[in-house]
Amino acid sequence: MFEIRIICESADTDRVTTALSDAFATGAVRTYPTRDGERTRLYVTADHRPEPGPWPTAEEAYALAPSIVREIGWTAQTAADKPFGKDLDREYWLRKAALLDRIAMRDEEDRVTGDAAEVATEAARRLIAHDRDGEGDYHGAPYWPEHPATAAAPRGYVRQEYAHWAKKH
């Protein structure tokens, strides 16, 4: 555990404390004005986040998943039924990313050359962006959308989130 002291502009305190809590396991932030009264001093007790475990395997993540054919039908129908001007919800982006991940894995197993892995990775990045900018309805354990490991392994993030979602649905 360690103590962090930051001096910043008062307008930046929320952004700074959010960044600290994203990077560390933090306690309550104590704020005080600087001696000249023009900036703010922030004091926070922090600790390194525990190292997360490995991503779920595909077998773990997709154990409860419907068939690939059924998921293709669901994603196509959901996209077709979307009212004009309305955004698709998180379930759509999660299931689409998981579907494309499963197709890419099948291609990798069969040593098929193509762009399935690239398409699956892009779909995973779309889910991550949705989760980062959305309402916080992602599982995020052990990896949250902003975690560096998520950026390094976007398809692993999809498996983590799908495994959690599938247990609830």
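Quick caveat, the model's predicted, so the values are computed rather than measured. (Residues numbered from 1 in each chain as written. Predicted model: local features only at pLDDT ≥ 70, side-chain atom pairs only at ≥ 80, totals over all residues. Heavy atoms only, no water.)

## A few points about the layout of surface pockets
Then comes step 1: A volume near 170 Å³ is recorded for the largest pocket.
Then comes step 2: Together, Ala-58, Glu-59, Tyr-62, Ile-68, Arg-102, Met-105, Arg-106 and Glu-109 line the largest pocket.
Then comes step 3: When residues in the lining of the largest pocket are grouped by element, the largest group, four residues, is from helix H4 (residues 90–109). (1 Å grid on protein atoms, 1.4 Å probe; cavity = no way out; pocket = protein on both sides within 12 Å on 5 of 7 lines; lining within 4 Å. Points joined across faces, edges and corners; volume = space filled by probe spheres on them. Helix = DSSP H or I, 4+ residues; strand = E, 2+ residues; numbered from the N terminus.)

## Comments concerning the packing of aromatic side chains
Then comes step 1: This model, assessed by the stated rule, comprises seven aromatic pairs.
Then comes step 2: With a centroid separation of 5.8 Å and 65° between ring planes, the pair formed by Tyr-32 and Tyr-43 is classed as edge-to-face. Of the two residues, Tyr-32 sits in strand S2 (residues 25–33) while Tyr-43 sits in strand S3 (residues 40–47), which places them 11 residues apart along the sequence.
Then comes step 3: Its relative accessible area of 38% is what places Tyr-32 among the partly exposed residues.
Then comes step 4: An aromatic cluster is defined as three or more aromatic residues linked by ring pairs; in this entry it consists of Tyr-62, Tyr-162 and Trp-165. (Phe/Tyr/Trp six-rings, centres within 6.5 Å; stacked < 30°, edge-to-face > 60°. Buried < 20%, exposed > 50% of the residue type's maximum accessible area, 1.4 Å probe, protein only.)

## Considering the sheet that holds S3
Then comes step 1: One open sheet accounts for three strands, arranged S1-S3-S2; its pairing is antiparallel. In this open sheet, the two edge strands, each paired with only one partner strand, are strand S1 (2–8) and S2. The average angle at which neighbouring strand axes cross in this sheet is 20°, direction not considered.
Then comes step 2: Here S2 runs beside S3; their pairing, made up of seven bridges, is antiparallel. Paired with Val-29 across the two strands is Val-44, which belongs to S3. (Pairing = 2+ DSSP bridges. Axes fitted to C-alpha atoms, helices over the stretch in contact; angles between N-to-C directions.)

## Digging into the pairing of S3
Then comes step 1: The sheet contact formed by S1 and S3 spans seven bridges and is antiparallel. In the sheet register, Ile-6 faces S3, and the bridge partner there is Leu-42.
Then comes step 2: Between the antiparallel neighbours S2 and S3 lie six residues, among them Gly-37 with a positive phi of about 75°.

## Quick word on unusual backbone geometry
Then comes step 1: For the bond running from Ala-141 to Pro-142, omega is 5°, close enough to zero to count as cis.
Then comes step 2: Mapping Pro-142 onto the fold places it in the loop between helix H5 (116–133) and helix H6 (148–152).
Then comes step 3: The backbone phi angle of Arg-111 is positive, close to 55°, even though this residue is not glycine.
Then comes step 4: Relative to the assigned elements, Arg-111 resides in the loop between H4 and H5.

## What about the packing of H4 against H5?
Then comes step 1: One can describe the packing of H4 onto H5 by two numbers: an axis separation of 8 Å at closest approach and a directional angle of 155°. As far as their axial angle goes, H5 and H4 are roughly antiparallel. You can see that H4 and H5 cross each other, and the crossing is left-handed. Within the contact between the two elements, H4 uses Arg-90, Trp-93, Leu-94, Ala-97, Leu-100, Asp-101, Ile-103, Ala-104, Asp-107 and Glu-108 and H5 uses Ala-116, Ala-117, Val-119, Ala-120, Ala-123, Ala-124, Arg-126, Leu-127, His-130 and Asp-131. (Parallel < 35°, antiparallel > 145°, perpendicular 65-115°, else oblique. Left-handed = near helix turned anticlockwise from the far one by under 90°. Contact = heavy atoms within 4.5 Å.)

## A look at the nonpolar core
Then comes step 1: Tyr-62, Leu-127, Val-158 and Tyr-162 are the most contacted members of the largest nonpolar core, which has 25 residues in total.
Then comes step 2: Counting only elements with at least two residues in this core, the list comes to helix H2 (58–61), H4, H5 and helix H7 (154–168).
Then comes step 3: The greatest single-element share of this core, amounting to eight residues, is contributed by H4.
Then comes step 4: In contact with Val-158, other than residues within four places in its own chain, are Tyr-62, Leu-94, Ala-97, Ala-98, Ala-124 and Leu-127.
Then comes step 5: Formed by seven residues, the second largest nonpolar core is a distinct cluster that contains Ile-4, Cys-8, Leu-42 and Val-44. (Core = buried A, V, L, I, M, F, W, Y, C linked by side-chain atoms within 4.5 Å.)

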